[in-house]
Every structure is written in structure tokens, then in C-alpha cells.
Amino acid sequence: MTVNEIVEGLNLSVFGGKKGLSREVTGGYISDLLSDVMGNASEGDIWATLQTHKNVMAVASLKEVAAVILVKGLIPDEDMLAQSNEEELPVLGTEMETFELAGKLYGLIKK
Amino acid sequence: MKFKYEIEGGNFSKAGNASSAVKKILKQLNVPPATIKKLVVALYEGEVNVVAHAWNGCIYVDIDPDRIFVTIEDEGPGIPDIGQAMQEGYSTASQAVREMGFGAGMGLSNMKKNADLLNIKSEVGKGTTVEITTLLK
Ligand SMILES: Nc1ncnc2c1ncn2[C@@H]1O[C@H](COP(=O)(O)OP(=O)(O)OP(=O)(O)O)[C@@H](O)[C@H]1O
Ligand SMILES: [Mg+2]
């Protein structure tokens, strides 16, 4: 499944990294602790978080996650957005809370 | 092959830049992806620890056919009890740093899990030196 299919399936907004929408998603990870993501997320995961700063992109890029989803209507900081575009690593958004998003994501990805 | 990167304590906007540069080099050298992944985790955690806990530091990367040897040296407060610091969940990170999602106290255990050899030396009031060895053979 591609990032774009998830965007369409869950009606997510695309803040940045549009050129990366064709990236392949192989799983998901949910955490707001950067060292937890660093230690436990896998390449190809889609990562949901409420953190909106640039360090999220550093971790996302080093771990080669497929995309980042910001929950609860949160908006990325400007430097986070800039790095998302630069690295072509999509930053997406939803009004959903993490619990609801996680359920829907799981349903989509594990199908 | 040897490389050196400088790290500014407190500057979170640059945290991860050195790790990202090293990752690019290792990819160019065709180091196996699984090896790169592990080293990058350990390196990033070490880099962020300098940013979060120390005043300034340097990363030295020494690559030879048998192994990659990384030294992360900082000037900073040092670690009074390394055994305690290694425990998952132990953190002295400030509230501001925690709000950014750092300070889970998982960095050093991530380093331990992802390095073939990890060696930490520290002197209170002076600084800390972390050595990470990743074997290539
Ligand atoms: N370079 C350093 N200089 C001084 N103290 C350090 C250094 N590295 C680690 N420490 C001490 O060890 C503790 C544990 O480090 P560790 O990386 O495991 O967790 P953390 O940095 O607090 O949180 P996290 O890495 O999960 O974001 C730190 O909170 C700090 O007290
Ligand atoms: Mg740390």
C-alpha cells in the first residue's frame, strides 16, 4: 500500500513531501517519544505523533519511515515542513485523535 | 577513512545532522543496510545526548574494512553514575526537552542494543566520551 492510498482512504491532509506520496507503507508505529521511535519503529512504517517540530523529520528520515501523520488537527512547524519537502518524506494531518486514527490505519494496512 | 563532525550543545535544530551525514557516507560505501540501521540508531542517540545534556562536542568516525569506530566526545556536566544512566527510563532531561519528546531515558539503552561494543567514560564537571564499535566482519 502506498502513502497516497492511505491519504485517500482516511481523507488525510498533505502538508508537505508530496513527491514522496508513492512511498510504500509496510506497517505503522505510534509514539511521541523520539527515542522510542528510534529504537522500535521499522523502515516503511507510517508514524503517527503529536510532535510537530523538526526533530521528528530527523528521526523519520534516519529510520526511513514512509510518512508522518500529525493527529488532532496539529500543524507542522515551518522548519519541519521545509525538511519534509526537501527529503520528499510526506507529513500528513488528520483531525482524528490517535486512538481513532490507529484503529483505522490498522484496518487499512493489515487488510 | 576518518571523518569529524561538531555538535553544538542545546541546538536542537541541528540535532541529527551529523548522523544523517554519516548515514550517507555508509550508503555510498555499500555497508550492509542492516548494519547502517543499527549504527545510525546508536549514533543519533549519542548526538542528541550531547545536544540535550552537554555544552559542545565532536563525533569522530573511523571506518576500516573490519569495523566502524565512532567516538562521541563532549565537554559537559558528565555522568555521575553511568550504571544508573544506562537504566531504561532514567533521565535528567529538562521539562522543555521532555516536551519535545526527548527524555524517555531510552537513548543509552538504544545505544547498547545497537552497538557491537559500547564504552562510556565520564568525568563529572568535564565531559563524557562514548565509543561505539560496529563490526563489519
Ligand atoms: N553526554 C552526556 N552528558 C551528560 N549526561 C548525559 C550524557 N548522555 C547521557 N547523560 C545522562 O544519562 C541520562 C540517560 O541518557 P539517555 O540517553 O538514556 O536518556 P535521555 O537522553 O534522558 O532521554 P532519551 O534519550 O530517551 O531522549 C540522561 O538523562 C543524562 O542524565
Ligand atoms: Mg538520550
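Higher on the page you've got the structure.
The sections below set out a description of the structure shown in this document. (Residues numbered from 1 in each chain as written. Chains lettered and ligands numbered in written order. Predicted model: local features only at pLDDT ≥ 70, side-chain atom pairs only at ≥ 80, totals over all residues. Heavy atoms only, no water.)

Attention now goes to the sheet that holds strand S4 (residues 67-70) of chain A. Residue and element names in this part refer to chain A. Strand order in the open sheet formed by 5 strands is S1-S5-S4-S3-S2, with mixed pairing between adjacent strands. Looking at the sheet topology across the chains shown, the edges are occupied by strand S1 (13-16) and strand S2 (27-30). Taking each pair of neighbouring strands and ignoring which way they run, the sheet shows an average axis angle of 30°. Sitting on the sheet, helix H4 (residues 78-87) touches S1, S4 and strand S5 (91-93), and the angle it makes with S1 is about 90°. (Pairing = 2+ DSSP bridges. Helix = DSSP H or I, 4+ residues; strand = E, 2+ residues; numbered from the N terminus. Axes fitted to C-alpha atoms, helices over the stretch in contact; angles between N-to-C directions. Contact = heavy atoms within 4.5 Å.)

Residue and element names in this part refer to chain B. Counting across every chain of the model gives 1 aromatic pair over all chains. Consider the rings of Phe 12 and Phe 102, whose centres lie 5.2 Å apart with planes at 35°: the pair is tilted. Highlighted residues: Phe 12 in the loop between strand S1 (2-8) and helix H1 (17-28) and Phe 102 in the loop between helix H4 (95-99) and helix H5 (107-114), separated in sequence by 90 residues. Both residues of the pair, Phe 12 and Phe 102, belong to the buried class. (Phe/Tyr/Trp six-rings, centres within 6.5 Å; stacked < 30°, edge-to-face > 60°. Buried < 20%, exposed > 50% of the residue type's maximum accessible area, 1.4 Å probe, protein only.)

The next thing to look at is the sheet that holds strand S2 (residues 56-63) of chain B. Within a sheet, each strand pairs with its neighbour through backbone hydrogen bonds, oriented either parallel or antiparallel. All names here are of chain B. Pairing in this open sheet of 5 strands is antiparallel, and the strands run S1-S2-S3-S5-S4 from one edge to the other. Two strands in the sheet have a free side with no partner beyond their single neighbour: S1 and strand S4 (117-123). Between one strand axis and the next, the sheet turns by 10° as a mean value, whatever way the strands run. Of the pairings in the sheet, the one linking S2 to strand S3 (residues 67-75) comprises 8 bridges and is antiparallel in character. Across the sheet, the residue bridging to Tyr 60 is Thr 71, located in S3. In this fold helix H2 (residues 33-53) packs onto S1, S2, S3 and strand S5 (127-135), with an angle of close to 10° to the strand it touches most, S3.

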